[in-house]
Amino acid sequence: MHRPLRLTCSKDALVANWRTLAGRAGVACGAAIKADGYGLGALPVLDALYEAGCRDFFVSTWWEVAELGAVPADASLSVLHGLGPADIGPALQWTGARPVLNTVQQVERWKQIAPERECDVMIDTGMNRLGLRRDEAGALTGLNIHTLHSHLACGEEDHPLNRLQLERFRSAAADIAATRYSLANSAAIFLGREYSFDLVRPGLAIYGGVPRREAREQIRPVVRLEAQVVQRRLIRAGESCGYGGLFVAQDDTEAAIVNLGYADGYWRGFSGRGRAEVGGVDLPVLGRVSMDLVALSCDGASELAEGDWVSLHFALEEAAQASGMSQYELLTGLGRRFERLWH
Ligand SMILES: *Cc1c(COP(=O)(O)O)cnc(C)c1O
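Residues numbered from 1 in each chain as written. Predicted model: local features only at pLDDT ≥ 70, side-chain atom pairs only at ≥ 80, totals over all residues. Heavy atoms only, no water.

S.K.: So what's going on with the domain arrangement of the protein? Which residues, and what values?
M.R.: Interfaces are often sized by the amount of accessible area the parts lose when they come together. Entries for the protein in the domain assignment read domain 1 (11–210) and domain 2 (223–342). On the side of domain 2, nine residues touch domain 1, which itself brings 14 residues to the contact. At the boundary of domain 1 with domain 2, the tally comes to three residue pairs in polar contact (both at pLDDT 80 or more). Counting residues per element, the ones that place at least two in the side of domain 1 that touches domain 2 are helix 1 (11–25), helix 2 (34–38) and helix 3 (42–52). Tallied by class, the residues present in the side of domain 1 that touches domain 2 amount to nine nonpolar, three polar and two charged. (Domains from an automatic or database assignment. Contact = heavy atoms within 4.5 Å. Polar contact = N/O pair within 3.5 Å; in protein donor to acceptor, adjacent residues only side chain to side chain. Helix = DSSP H or I, 4+ residues; strand = E, 2+ residues; numbered from the N terminus. Nonpolar A, V, L, I, M, F, W, Y, C, P; charged D, E, K, R; others polar.)

If you want it as structure tokens, here you go:
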């Protein structure tokens, strides 16, 4: 069935970004594919990156493991939220995945159900989100730890916590036996190789996000958003357009009303600030973004008509700036009404 909204994803750009990150890290490079591959589709992302040589994947929950189904036998899948009471069944069923144990309770739970099986462990080094505190590491005795993880709180900034967490993780790694050690997300890969350890876990930058200035020249955009024009209309001078009458035409203004809105993850922050483009002509957003519709000024595009496609400006750094949303929110918010096309 025809859909008036499409999200075109570039497999080449996705793989190129992953290779760039792997090259910078200089160690094994995994991929966070939680939240349905940051909104692009976890399965096509897994397939493309596996083909490129990626063997380490990360999701948040066991429900996401079940959604993915079996991963290739030589690929590793870690479940970042660990092993809650309701996860025991799925963890016993999906033996190809490992929980990332985050609390003493989760460690005890794992020891009860699968004491021999490999698991991952998250140790907190200063973020205070998930992970065992350092003084709880005694509980890990007897576990068969595949990868010991920690996670930076401020990797996107030049923050003193980065180095502090690095030092704390070094010290934890010296004391806690594991096959591999992993600290870095996308941003941390750009902090330098001392953050790499044995394995890095980027997400955002694989999908075209720019976590730090140093990444700007290196990361390629992966997604392209296009929406179809529902109608073209004339707004007379003095009239307003859209909810709240936010935009008032100074002169007669031609508008293209396109099939896209905040229900698709084109957030209200783009009201009066977003931009689209057709044939090189800039089409600024007029007034407020509706649930399913956006008005674009199209005075410069005299041919633009019902059924034509326009491209939304969705360069993630700039779109985040314009909308007030994070790059993560922009990607993971992309709704189910988009037809997702890979090429
Ligand atoms: C989501 C996540 C990542 C990936 O982070 P990005 O900032 O998207 O690169 C890595 N590690 C952990 C623990 C995560 O939760």
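S.K.: So, helix 6 (residues 104–113): which residues are in play, and what are the values?
M.R.: Every buried residue of helix 6 is listed here: Gln106, Val107, Arg109 and Trp110. One side of helix 6 holds all its buried residues, which, seen down the axis, span an arc of 160°. Residues of helix 6 that are exposed and angled more than 90 degrees away from the buried face: Gln105 and Gln112. Elements in contact with the buried residues of helix 6: helix 5 (88–93), strand 6 (97–101) and strand 7 (119–122). (Buried < 20%, exposed > 50% of the residue type's maximum accessible area, 1.4 Å probe, protein only. Arc of directions from axis to C-beta.)

S.K.: I'd like a rundown of the layout of surface pockets, residues and numbers included.
M.R.: Taken as a whole, the largest pocket spans an internal volume of roughly 580 Å³. Contributing to the lining of the largest pocket are 32 residues, with Lys34, Met127, Arg129, His151 and Asn185 lying nearest its centre. Where the lining of the largest pocket is concerned, the elements lending two or more residues are helix 2, helix 8 (186–189) and helix 10 (327–332). Among the residues making up the lining of the largest pocket, the classes are represented as 15 nonpolar, eleven polar and six charged. Residue lining of the second largest pocket: 17 residues in total, with Gly208, Pro221, Phe314, Ala315 and Leu316 positioned closest to the centre. For the lining of the second largest pocket, the secondary-structure elements that each account for two or more residues are strand 11 (223–235), strand 18 (309–312) and helix 9 (316–323). If one sorts the elements of the lining of the second largest pocket by residue count, helix 9 sits on top with three residues. Counting contributing residues per domain, the lining of the second largest pocket is built from domain 1 (11–210) and domain 2 (223–342), each supplying no fewer than three. (1 Å grid on protein atoms, 1.4 Å probe; cavity = no way out; pocket = protein on both sides within 12 Å on 5 of 7 lines; lining within 4 Å. Points joined across faces, edges and corners; volume = space filled by probe spheres on them.)

S.K.: So, the pairing of strand 17 (residues 293–297): which residues are in play, and what are the values?
M.R.: In the case of a regular strand, side chains alternate between the two sheet surfaces. Extensive coverage of strand 17 is indicated by the burial of four of its five residues. Examined bridge by bridge, strand 14 (residues 253–259) and strand 17 share five bridges and lie antiparallel to one another. The residue of strand 17 that forms the bridge with isoleucine 257 is alanine 295. In terms of strand pairing, strand 16 (residues 281–286) meets strand 17 through two bridges, oriented antiparallel. (Pairing = 2+ DSSP bridges.)

S.K.: Which residues make up the pattern of salt bridges, and what values go with them?
M.R.: Side-chain pairing between opposite charges can occur once the charged atoms of the two side chains come close. A complete count under the given rule lists 17 salt bridges for this structure. A salt bridge links arginine 98 to aspartate 120; its shortest N-O distance comes to 2.7 Å. In this pair, arginine 98 is assigned in strand 6 and aspartate 120 in strand 7, connecting sequence segments 22 residues apart. Using a relative accessible area of 9% as the deciding quantity, one classes arginine 98 as buried. Owing to a relative accessible area of 0%, aspartate 120 belongs among the buried residues under this scheme. In this structure, the salt-bridge partner of arginine 212 is glutamate 214, at a minimum N-O distance of 3.2 Å. Taking the relative accessible area as the measure of exposure, arginine 212 reaches 7% and is therefore buried. With relative accessibility at 35%, the residue glutamate 214 sits in the partly exposed group. If you follow the salt bridges from partner to partner, you end up with Arg6, Arg224 and Glu226 in one network. (Salt bridge = Lys/Arg side-chain N within 4 Å of Asp/Glu carboxyl O.)

S.K.: An account of the nonpolar core is requested, with residue identities and associated values reported.
M.R.: Ile33 and Leu49 are the most contacted members of the largest nonpolar core, which totals 105 residues. The dominant element in this core, judged by the number of residues it contributes, is helix 1, at seven residues. Looking at which domains feed residues into this core, each of domain 1 (11–210) and domain 2 (223–342) gives three or more. Sequence-distant contacts of leucine 49, defined by excluding residues within four places in its chain, comprise Leu14, Val15, Trp18, Ala31, Cys54, Phe57 and Ile206. One finds Cys241, Ala249, Ala255 and Ile257 within the second-largest nonpolar core, a separate group that totals eight residues. (Core = buried A, V, L, I, M, F, W, Y, C linked by side-chain atoms within 4.5 Å.)

S.K.: Lay out the UniProt feature "modified residue: N6-(pyridoxal phosphate)lysine" (unreviewed entry) in the protein with the relevant residues and their values.
M.R.: Per the UniProt annotation, the sites labelled "modified residue: N6-(pyridoxal phosphate)lysine" (unreviewed entry) are Lys34. Within the element layout of this structure, lysine 34 appears in helix 2. Accessibility expressed as a relative area gives 25% for lysine 34, which makes it partly exposed. Not counting the four nearest positions on each side in its chain, lysine 34 is found in contact with Phe58, Val59, Ser60, Glu64 and Leu80. (UniProt positions renumbered as here; feature names shortened; annotations may be inferred.)

S.K.: Which residues make up helix 7 (residues 160–175), and what values do they have?
M.R.: Here helix 7 is 16 residues long and its end C-alpha atoms lie 24 Å apart, about the 22 Å a rise of 1.5 Å per residue gives. Considered for burial, the residues of helix 7 that qualify are Leu161, Asn162, Gln165, Leu166, Phe169, Ala172 and Ala173. Buried residues of helix 7, seen end-on, are gathered within an arc of 135° and therefore sit on one face of the element. In helix 7, the exposed positions that point more than 90 degrees away from the buried face belong to Pro160, Ala174 and Asp175. Next to the buried residues of helix 7 lie strand 8 (145–149) and strand 9 (180–182). (Expected span 1.5 Å × (residues − 1).)

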